[in-house]
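Remarks on the overall topology
Take a look at the letters that make up each chain.
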Amino acid sequence: MTYTLKPLTPVLAAEVTGIDLTKPAGPALRKALYDAWIEHAVLVIRDQRLTAPQFADAARLFGDILVQQLKQFVLPDYPEVGTISSRDLPIRDGRLHVRGEEFHTDHSNYPAPPKATMLYAINLPDRGGDTQFVDVRAAYDDLDEATRRAIAGLHSRHVYESSRSTRKMAELTPEQRAAIPQALQPLVIRHPENGRPALYLNTGRMEGIAGMPDDAAHALIARLFAHATQPRYEYRHQWKPGDLVIWDNRSVMHQANADYDPTQLRYLYRIMLQGAPLQAYEEVPA
């Protein structure tokens, strides 16, 4: 199958055209897509026409599907496929509140966080609703030596919703909340496949830094977050019908935008892929 791969920014993201994921992908195509995803961290596969089970099949090209955490946001007939729908979103203070506002990485409170998240566009508003990504590999690379040394070996406890979170997480039943895990995660991780270091941040879930006073810990987190979310590290995805986007949660943070007409339906399928416990990156410059 002939296809085209085109980088979308100098730091991350690439676009794939000319493939049809409703058809079987041979070993060569499967490896090419996987390698491109690892390298570019965000892969945009255009012009797909997928049913829910076909979307799940496409996800399996990249790994094993993670069981959906929030059962209220799954397809009844295909519970491995989650949904993001504007019809499920609250309007508070006259503003639409979307799931995934503020830069973050998915399920960072899991002992083995998902390695990837995939979205597939079904219905889109006329404008708005973009998804933004920032490259936390490049952000780490650009840190000064003193900061790299200061954060080497540090860990943060990630919970469902941090006591200092500025975004509201989805409401949970008492049973759901009791089952939600938490985990101590490195502040700098090593990618298990390409070895690249990256900042690992999620301000909505980080409950300080182990061994550091709270105010100092959150000041450091805020400084690293401000650094990592600079426009120079960003790719902003403007959705088109039929877009399938997969990103590497070990290499990027992402955020959703609520800048669209709430009377218009925005509806996407969502799948996450099983990951492994995160590895700390502790090598520092000489």
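Figured I'd write up the structure that's included with this text. Computed from a predicted model, the values in this text were never measured in an experiment.

1. Let's talk about the pairing of strand β10 (residues 155-158)
Alternating residues of β10 divide into Ser156 and His158, all buried, and His155 and Arg157, none buried. Bridge count for β10 against strand β11 (residues 183-186) is 4 bridges, and the pairing is antiparallel. Each residue of the ladder has a partner; that of Ser156, found in β11, is Gln185.

2. Considerations on the pairing of strand β3 (residues 42-45)
The alternating pattern of β3 places Val42 and Val44 and Leu43 and Ile45 on opposite faces, both of which are buried. Note that strand β2 (residues 14-17) and β3 share 3 bridges and pair parallel. In the sheet register, Val16 faces β3, and the bridge partner there is Ile45. With helix α1 (residues 27-40) bridging β2 and its parallel neighbour β3, the resulting β-α-β unit is right-handed. Here β3 pairs with strand β15 (residues 244-248) via 4 bridges, running antiparallel. Opposite Ile45, over in β15, you have Leu244 as the bridge partner.

3. Here we look at the packing of aromatic side chains
What the rule picks out here adds up to 10 aromatic pairs. When the centroid spacing of 6.3 Å and the interplanar angle of 10° are considered together, the rings of Phe133 and Tyr235 count as stacked. With Phe133 in strand β9 (residues 131-135) and Tyr235 in strand β14 (residues 234-237), this residue pair connects regions lying 102 residues apart in the sequence. Seen from their ring centres, Tyr267 and Tyr269 are 6.0 Å apart, and the 70° between their planes marks the pair as edge-to-face. Residues Tyr267 and Tyr269 agree in their burial class; the two are buried. Ring-pair connections join several aromatic residues into one group, and the members of that group are Phe55, Tyr120, Tyr267 and Tyr269.

4. Some thoughts on the sheet that holds strand β16 (residues 252-256)
Across the sheet, which stays open at both edges, the 3 strands sit in the order β14-β9-β16 with antiparallel pairing between neighbours. Each of the sheet's edge strands pairs with one partner strand only, and the pair in question is β14 and β16. The sheet shows a mean angle of 20° between the axes of neighbouring strands, direction not considered. When β9 meets β16, the two strands line up antiparallel, connected through 5 bridges. For Thr131, the partnering residue across the bridge sits in β16 and is Ala256.

5. Points about the side chain of Thr105
Looking at the element boundaries, Thr105 is found in the loop between β7 (95-96) and β8 (116-123). Using a relative accessible area of 2% as the deciding quantity, one classes Thr105 as buried. Looking at Thr105, its side chain comes within polar contact range of the main-chain oxygen of Asn249, at 2.9 Å. Among residues more than four places away in sequence, those in contact with Thr105 are Tyr200, Leu201, Asn202, Asn249, Val252 and His254.

6. Considering the sheet that holds strand β1 (residues 4-7)
With mixed pairing, the 8 strands of this open sheet are ordered in space as β1-β2-β3-β15-β8-β17-β5-β4. The sheet terminates laterally at β1 and β4 (74-75), the two strands that pair on one side only. Here 2 bridges tie β4 to strand β5 (residues 78-85), and the two strands are oriented antiparallel to one another. Looking at the pairing, Leu75 lines up with Tyr78 of β5. Strands β1, β2, β3, β8 and β15 of the sheet are contacted by α1, whose axis makes an angle of about 130° with β3. Along the sheet, helix α2 (residues 52-59) makes contact with β4, β5, β8, β15 and β17 (267-273), crossing β17 at roughly 35°.

7. Re the nonpolar core
In terms of nonpolar packing, the biggest core is built from 32 residues, with Leu43, Phe55, Phe62 and Leu244 touching the most fellow members. Taken together, the elements giving at least two residues each to this core come down to β2, α1, β3, α2, β8, β15 and β17. Among the elements that line this core, the one with the most residues is α1, at 6 residues. Ignoring sequence-local partners within four residues, the contact set of Leu43 consists of Leu5, Ala14, Val16, Leu33, Ala36, Trp37, Phe62, Leu244, Val245 and Ile246.

8. Some remarks on α1
The end-to-end C-alpha separation of α1 is 20 Å, in line with the 20 Å expected for 14 residues at 1.5 Å each. Residues of α1 that are buried: Leu29, Leu33, Tyr34, Ala36, Trp37, Ile38 and His40. In this fold, the buried residues of α1 make contact with β1, β2, β3, β8, α3 (136-141) and β15. Among the residues trailing α1, Ala41 stands out with phi positive, at a value near 75°.

Definitions and limits used
- Residues numbered from 1 in each chain as written.
- Predicted model: local features only at pLDDT ≥ 70, side-chain atom pairs only at ≥ 80, totals over all residues.
- Heavy atoms only, no water.
- Buried < 20%, exposed > 50% of the residue type's maximum accessible area, 1.4 Å probe, protein only.
- Helix = DSSP H or I, 4+ residues; strand = E, 2+ residues; numbered from the N terminus.
- Pairing = 2+ DSSP bridges.
- Right-handed = clockwise from strand over helix to strand, strands pointing away.
- Phe/Tyr/Trp six-rings, centres within 6.5 Å; stacked < 30°, edge-to-face > 60°.
- Axes fitted to C-alpha atoms, helices over the stretch in contact; angles between N-to-C directions.
- Polar contact = N/O pair within 3.5 Å; in protein donor to acceptor, adjacent residues only side chain to side chain.
- Contact = heavy atoms within 4.5 Å.
- Core = buried A, V, L, I, M, F, W, Y, C linked by side-chain atoms within 4.5 Å.
- Expected span 1.5 Å × (residues − 1).

In short, geometric facts, not functional conclusions.
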